[in-house]
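What the coordinates show
Given next are the chains, with one letter for each unit.
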Amino acid sequence: MISRADRLQAQLTSAFAPTRLVVADESARHAGHMGARPGGETHYAIHLVSAAFEGKNRVARHREVNALLAAEFAAGLHALALTLRTPAEEAAARGED
């Protein structure tokens, strides 16, 4: 059976052609919190760098990702911590101007 992290990675890669993508399952850090399940796979941090975000503000980027992953939310995904950047924003954040 494919893990939720693998499904998230596949969907995000297909939709955004990222230059960088990190999908981290942080469910263990949220044990006992709302939405947490014993098997995990409920809370993720995603760092996604894509040219597809050019000209889009933070809210629009988040909406795109959340809409793409709607089926995952319906199937038990509870929370995402999103870092969504363009390649230029990522370079600046890393001090690679």
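In this text the structure is predicted, and so the values were computed from the model without any measurement. (Residues numbered from 1 in each chain as written. Predicted model: local features only at pLDDT ≥ 70, side-chain atom pairs only at ≥ 80, totals over all residues. Heavy atoms only, no water.)

So, on to the overall build of the protein. Along the backbone of the protein there are 4 helices and 3 strands. Each helix and strand of the protein, ordered N terminal to C terminal, gives the series α-β-β-α-α-β-α. Across the 97 residues of the protein, 33% fall into the buried class. When the accessible surface of the protein is split by element, carbon and sulfur atoms take 53% of a total near 5,700 Å². (Helix = DSSP H or I, 4+ residues; strand = E, 2+ residues; numbered from the N terminus. Buried < 20%, exposed > 50% of the residue type's maximum accessible area, 1.4 Å probe, protein only. Areas by Shrake-Rupley, 256 points an atom, 1.4 Å probe, with all protein chains shown as cover.)

Compared with an ideal rise of 1.5 Å per residue, which puts 13 residues at 18 Å, helix H1 (residues 4–16) spans 18 Å between its outermost C-alpha atoms and is within 8% of the ideal. All of the buried residues along H1 are Arg4, Ala5, Leu8, Leu12 and Phe16. One side of H1 holds all its buried residues, which, seen down the axis, span an arc of 100°. Buried residues in H1 make contact with strand E1 (20–25), strand E2 (43–49), helix H2 (58–68) and helix H3 (70–74). In the stretch just after H1, alanine 17 is the one whose phi turns positive, near 45°. (Expected span 1.5 Å × (residues − 1). Arc of directions from axis to C-beta. Contact = heavy atoms within 4.5 Å.)

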